[in-house]
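The residues making up each chain are set out below.
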Amino acid sequence: VKLPGPAGSTPVIWGDRIFLTTVNDNGDLLLLALDTTGKPLWERQVSGGNKHVRGDEGNSASHSPLTDGRLVWTQMADGKLACFDFAGQEIWKVDLQERYGKFSIQFGMTSTPVLDNGVLYLQLIHGEGDVKTREACVVALEAGTGKQVWRVDRPSDAYAENEHSYASPVIYRDDRQKYLLTH
């Protein structure tokens, strides 16, 4: 399938739907829905202002989308996080930088959120390298509304870019409880 531009994310497939992120020539950050034959179903602009990372190694649409079979979520490197239904109607959108502070991360905030039992988990681990400011945090949002469930600051004695993490969070369960692993 010819895409509007580069796509560095992993597509997500549910039934006969394929969702993926990409950018177009205008720098718009897009969420696409295709059927399994490659036919475009819809395209939604989530944000704008694409930035290329390290030449052409990445872009601001590098996060992988998420779905529960009813809704689909996507985050872009500029902090726009949006939720759509399978018909492409926007359910909600938030600006994570407005809510949690300006991102300061060398190659862009490209961690993909994790969805678990109606909650989105996001790691926003970044910062200026000043242990006094400690911008990094991990947050949980209601998947259906985007409202914050909780926030935990992630202090670190790391300095400069060593404070940054590009890894996506992971859910781990044992026989007693659930863990959210970040960084």
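Everything below is about the structure printed above this text.
Computed from a predicted model, the values in this text were never measured in an experiment.

Draft legend 1. Here's a closer look at the overall build of the protein. Counting secondary structure elements, the protein contains 1 helix and 14 strands. Taking contacts inside the protein between residues at least 6 apart in sequence as the whole, the part at least 24 apart equals 46%. Carbon and sulfur atoms make up 47% of the accessible area of the protein, which amounts to about 9,400 Å² in all.

Draft legend 2. Highlighting unusual backbone geometry. The phi dihedral of Asn-117 falls on the positive side, at around 50°, and the residue is not glycine. Looking at where Asn-117 falls in the secondary structure, it is placed in the loop between strand E9 (114-116) and strand E10 (119-124). You can call Asn-117 exposed: its relative accessible area is 68%.

Draft legend 3. Quick look at the nonpolar core. Among the nonpolar cores identified, the biggest contains 17 residues, and Trp-73, Leu-81, Leu-96, Leu-120, Leu-122 and Leu-124 are the most heavily contacted of them. For this core, the secondary-structure elements that each account for two or more residues are strand E6 (71-75), strand E7 (80-85), strand E8 (90-95), helix H1 (96-100), E10 and strand E11 (137-142). What Leu-122 contacts, discounting residues up to four positions off in sequence, is Gln-75, Leu-81, Leu-96, Pro-113, Cys-137, Val-138, Val-139 and Leu-141. Counting residues in hydrophobic clusters, the runner-up holds 14 residues, among them Leu-29, Val-72, Phe-84 and Phe-86.

Draft legend 4. Looking closely at the environment of Val-72. Within the fold, Val-72 resides in strand E6. Exposure remark for Val-72: the relative accessible area of 0% places this residue in the buried category. Between the C-alpha atoms of Val-72 and Phe-19, which are 53 residues apart in sequence, the distance is 8.0 Å. Not counting residues within four places of it along the chain, the set of residues in contact with Val-72 comprises Phe-19, Leu-31, Trp-42, Pro-65, Leu-66, Thr-67, Ala-82, Cys-83, Phe-84 and Asp-85.

Here is what the cut-offs are and how they apply
- Residues numbered from 1 in each chain as written.
- Predicted model: local features only at pLDDT ≥ 70, side-chain atom pairs only at ≥ 80, totals over all residues.
- Heavy atoms only, no water.
- Helix = DSSP H or I, 4+ residues; strand = E, 2+ residues; numbered from the N terminus.
- Contact = heavy atoms within 4.5 Å.
- Areas by Shrake-Rupley, 256 points an atom, 1.4 Å probe, with all protein chains shown as cover.
- Buried < 20%, exposed > 50% of the residue type's maximum accessible area, 1.4 Å probe, protein only.
- Core = buried A, V, L, I, M, F, W, Y, C linked by side-chain atoms within 4.5 Å.

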